[in-house]
Amino acid sequence: MWKKPIHNEDIMLENAAIRQQAGAEMVALLENWKRHKRRRRVYRFSLCGILVCASLLLGGMGYYNLYNQIPSVLRIKADMEQTLDLGLPLTGDMVAVSGQEESNIPAGAVHIDLSRQVTMMMSSDQSYQMNVKIFGILPFKQVGIQVIRDQELTPVGAPIGIYVKAEGLLVVGVGDFQGTDGISYCPAKYVVKSGDYILQLDGEPVTTKTDFVRRVEECQGREVTLRIKRGEDILDVKAQPVQNSDHKYKLGIWIRDNAQGVGTMTYIDADGNFGALGHGINDVDTSTLMNLDDGTLYETEIIAIKKGRDGEPGEMTGMIVYSQDRILGDIFYNGKEGIFGHCNEKALAMGTERALPIGLKQDIEKGPAQILCTVDDVPKYYDVEITAVHLDHDNVNRGIELEVTDPELLALTGGIIQGMSGAPIIQNHHLIGAVTHVLVQDASRGYGIFIENMLEH
């Protein structure tokens, strides 16, 4: 059989092809190995990054939670031995006395271990500052220690009708109206804004909506000057009224001069002063805390109760008769801690309960407590459970978390309802706070304010 002769050139070419293929395979294997090594390196770096981030996150959360477990302000009753037990792995040093240029406490003389019980006694004429440290070395937080006088308050828990007059006229908003030419106008647009208070018109005070509307109409289109309060600033602004389709001069401002509602009186003190609501009266449209000019408490009768359900808060409907013979007292202050004022004899007669000492926030315990409120003609105690105590909550009205456990109250109201704000919270025969809000998702649960915060207004 004939065979093709094999030439040296063919052998050389074949060997070169084999070497080239083998080289390519080696290069591919090397590249795969390099890519695998890079992937492993990236994976290790990513895993380390994730672990570092997770550690930082957990550490940050732990730091934040620990930070919030320490109150920024700690109140101590004057001239009384009190036990402080925060149970935290921290220490504190007393470093200063307020009102003095230099501390009269020698450095390191007063050392507090916050991980165990400490008995303290403070003088009524001093307030202190405590530097809290980690491991007794690393600065962590400053705590102001305020010395307050011990007092007894009479819990009330009775419904009250509330009428407050704003300082000036609250601007709810601005809006367009149709002029005599059919064009829309809003002269006050970009001049005033929601939350402003109109104090004067052309240099004269304004106190009622009716008076303001009349004076704008009488200007006959002349430019007017409004003195407004915006936050802490007092401003003079100008606007020119325009005739509407009814030929009346308008500025296009929606205003409010008063607010009314129903709430619960929390306490009466030994001097006949009262505290109520546990939160301030805000305008319903702007959510602005109303600047109070004056206010009045009235007797009220609860005529209907809408039972609360999950996702739908209930409410008490009260009937208020604004007559002289039904006045209970005067409101002097409206703040985030509640409304406060002085009782008349009729209101003092509502304080039928025994006066109780106040309980400070560090003394409150998770567990059983009671609230005093009126949902069935007369004030009555109902059982609740305190589920959490936030010593340093950023919302002063939510320091206490509680849940209604009383079967009777749950049957009547479903839990906490609107109008119950201000109901006193009692634990261990101490008045510790007042109900402030309901948790919308669960009508049986809500929040309260510490009584010490109500007393600091």
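Residues numbered from 1 in each chain as written. Predicted model: local features only at pLDDT ≥ 70, side-chain atom pairs only at ≥ 80, totals over all residues. Heavy atoms only, no water.

Draft legend 1. Spatial organisation of the sheet that holds strand S28 (residues 400–404). Taken in spatial order, the 6 strands close into a barrel running S26-S27-S28-S31-S30-S29, and their pairing is antiparallel. For this sheet, the mean inter-axis angle between neighbouring strands, taken without regard to orientation, is 45°. (Pairing = 2+ DSSP bridges. Helix = DSSP H or I, 4+ residues; strand = E, 2+ residues; numbered from the N terminus. Axes fitted to C-alpha atoms, helices over the stretch in contact; angles between N-to-C directions.)

Draft legend 2. The arrangement of helix H2 (residues 209–218) in detail. Listed in full, the buried residues belonging to H2 are Asp211, Phe212, Arg215 and Val216. Each buried residue of H2 lies within a common arc of 130° when the element is viewed along its axis, so the set occupies one face. Looking at H2, the residues exposed on the side facing more than 90 degrees away from the buried face are Thr210 and Glu218. Buried residues in H2 make contact with strand S9 (159–174), strand S12 (197–201), strand S13 (204–205), strand S14 (224–230), strand S17 (249–250) and strand S18 (253–268). Once H2 ends, the next one or two residues include Gln220, with phi positive near 55°. (Buried < 20%, exposed > 50% of the residue type's maximum accessible area, 1.4 Å probe, protein only. Arc of directions from axis to C-beta. Contact = heavy atoms within 4.5 Å.)

Draft legend 3. Region of the structure containing the pattern of salt bridges. Here the structure, examined in full by the defined rule, presents 17 salt bridges. Residue Asp150 pairs with Lys77 through a salt bridge whose shortest N-O separation is 3.4 Å. Pair noted here: Asp150 is in the loop between strand S7 (138–148) and strand S8 (152–155) and Lys77 is in strand S1 (residues 73–77), with a separation of 73 residues, a long-range link. The class for Lys77 is buried, based on a relative accessible area of 6%. As a salt-bridge pair, Glu217 and Lys250 come within 3.3 Å of each other at their nearest N and O atoms. In this pair, Glu217 sits in helix H2 while Lys250 sits in strand S17, placing the two residues 33 residues apart along the sequence. Lys250 sits in the partly exposed class, given a relative accessible area of 25%. Overlapping salt bridges, with partners in common, bring together Asp211, Arg214, Arg215 and Glu218 in one network. (Salt bridge = Lys/Arg side-chain N within 4 Å of Asp/Glu carboxyl O.)

Draft legend 4. Structural detail: the environment of Ala355. Looking at the secondary structure, you find Ala355 in the loop between helix H3 (345–348) and strand S25 (356–357). When the C-alpha positions of Ala355 and Val156 are compared, they lie 9.6 Å apart, and in sequence the two are 199 residues distant. Beyond its immediate stretch of four places on either side in the chain, Ala355 contacts Glu152, Leu153 and Thr154.

Draft legend 5. Up close: the nonpolar core. Core analysis: the largest hydrophobic core is formed by 24 residues, its most contacted members being Ile160, Ile162, Met265, Phe274, Ile281, Leu297 and Ile339. At the level of elements, S9, S12, S18, strand S19 (273–276), strand S23 (327–335) and strand S24 (338–343) are the ones that each hand at least two residues to this core. No other element matches S9, which puts 5 residues into this core. When residues no more than four places from it in sequence are discounted, the contact partners of Ile339 are Ile162, Phe274, Gly275, Ala276, Leu277, His279, Ile281, Leu297, Ile331, Tyr333 and Asn334. Core analysis: the next-biggest nonpolar cluster, separate from the first, contains 22 residues, Ile364, Val375, Leu402 and Val404 among them. (Core = buried A, V, L, I, M, F, W, Y, C linked by side-chain atoms within 4.5 Å.)

Draft legend 6. Here's a closer look at unusual backbone geometry. With a phi angle near 70°, Tyr190 is a residue other than glycine that sits in the positive phi range. Position of Tyr190 relative to the elements: it lies in the loop between strand S11 (184–185) and S12. The backbone phi angle of Leu277 is positive, close to 75°, even though this residue is not glycine. As for its position among the elements, Leu277 is in the loop between S19 and strand S20 (292–298).

Draft legend 7. Focus on the pairing of S24. The element S24 is largely enclosed, with a buried count of 5 among its 6 residues. Both S19 and S24 contribute to a ladder of 4 bridges, which runs antiparallel. Among the inter-strand pairings, Asn273 is bridged to a residue of S24, identified as His342. As paired strands, S23 and S24 are joined by 6 bridges and run antiparallel to one another. Opposite Asp330, over in S24, you have His342 as the bridge partner.

Draft legend 8. Fine view of a nonpolar patch on the surface. Taken together, the side chains of Tyr43, Leu47 and Leu51 make up a nonpolar region of the molecular surface, amounting to roughly 330 Å² of accessible area. Inspection of the secondary structure assignment puts Leu47 in helix H1 (residues 8–69). (Patch = residues over 30% accessible without salt bridge, like charges linked within 9 Å, V, L, I, M, F, W, Y side chains within 5 Å. Areas by Shrake-Rupley, 256 points an atom, 1.4 Å probe, with all protein chains shown as cover.)

Draft legend 9. Just the side chain of Lys141, in detail. Within the fold, Lys141 resides in strand S7. We classify Lys141 as buried; its relative accessible area is 5%. At 2.8 Å, the side chain of Lys141 and the side chain of Asp392 are in polar contact. (Polar contact = N/O pair within 3.5 Å; in protein donor to acceptor, adjacent residues only side chain to side chain.)

Draft legend 10. Representation of the pairing of S20. Bridge count between S9 and S20: 6 bridges; the pairing is antiparallel. When the bridges of S20 are listed, Gly161 appears paired with Tyr298. As paired elements, S20 and S23 share 4 bridges and run antiparallel to each other. The residue of S23 that forms the bridge with Tyr298 is Ile327.

Draft legend 11. Structural view of the environment of Ala423. Along the chain, Ala423 turns up in the loop between helix H4 (407–413) and strand S29 (424–427). The exposure class of Ala423 is buried, given its relative accessible area of 0%. Distance in space between the C-alpha atoms of Ala423 and Ala158 is 7.9 Å, their sequence separation being 265 residues. Contact partners of Ala423, with chain neighbours within four places excluded, come to Thr264, Leu372, Cys373, Gly433, Ala434 and Val435.

Draft legend 12. Broad picture of the confidence of the model for the protein. A residue-level look at the protein finds 85% of positions with pLDDT of 70 or above and a mean pLDDT of 85. Averaged pLDDT values for the elements of the protein fall to 66 in strand S4 (residues 111–113) and rise to 98 in S29. (pLDDT = per-residue confidence, 0-100.)

Draft legend 13. Here's a closer look at the packing of aromatic side chains. Per the stated rule, a full pass over the model turns up 3 aromatic pairs. Geometrically, the ring pair formed by Tyr163 and Tyr322 is edge-to-face, given 6.0 Å between the ring centres and 70° between the ring planes. Of this pair, Tyr163 sits in strand S9 while Tyr322 sits in the loop between strand S22 (315–320) and S23, and the two are 159 residues apart along the sequence. The class for Tyr163 is partly exposed, based on a relative accessible area of 23%. Judged by centre distance (4.9 Å) and plane angle (85°), the ring pair of Tyr298 and Tyr322 falls under edge-to-face. Placement of Tyr298 in strand S20 and of Tyr322 in the loop between S22 and S23 is noted, with a sequence separation of 24 residues between them. (Phe/Tyr/Trp six-rings, centres within 6.5 Å; stacked < 30°, edge-to-face > 60°.)

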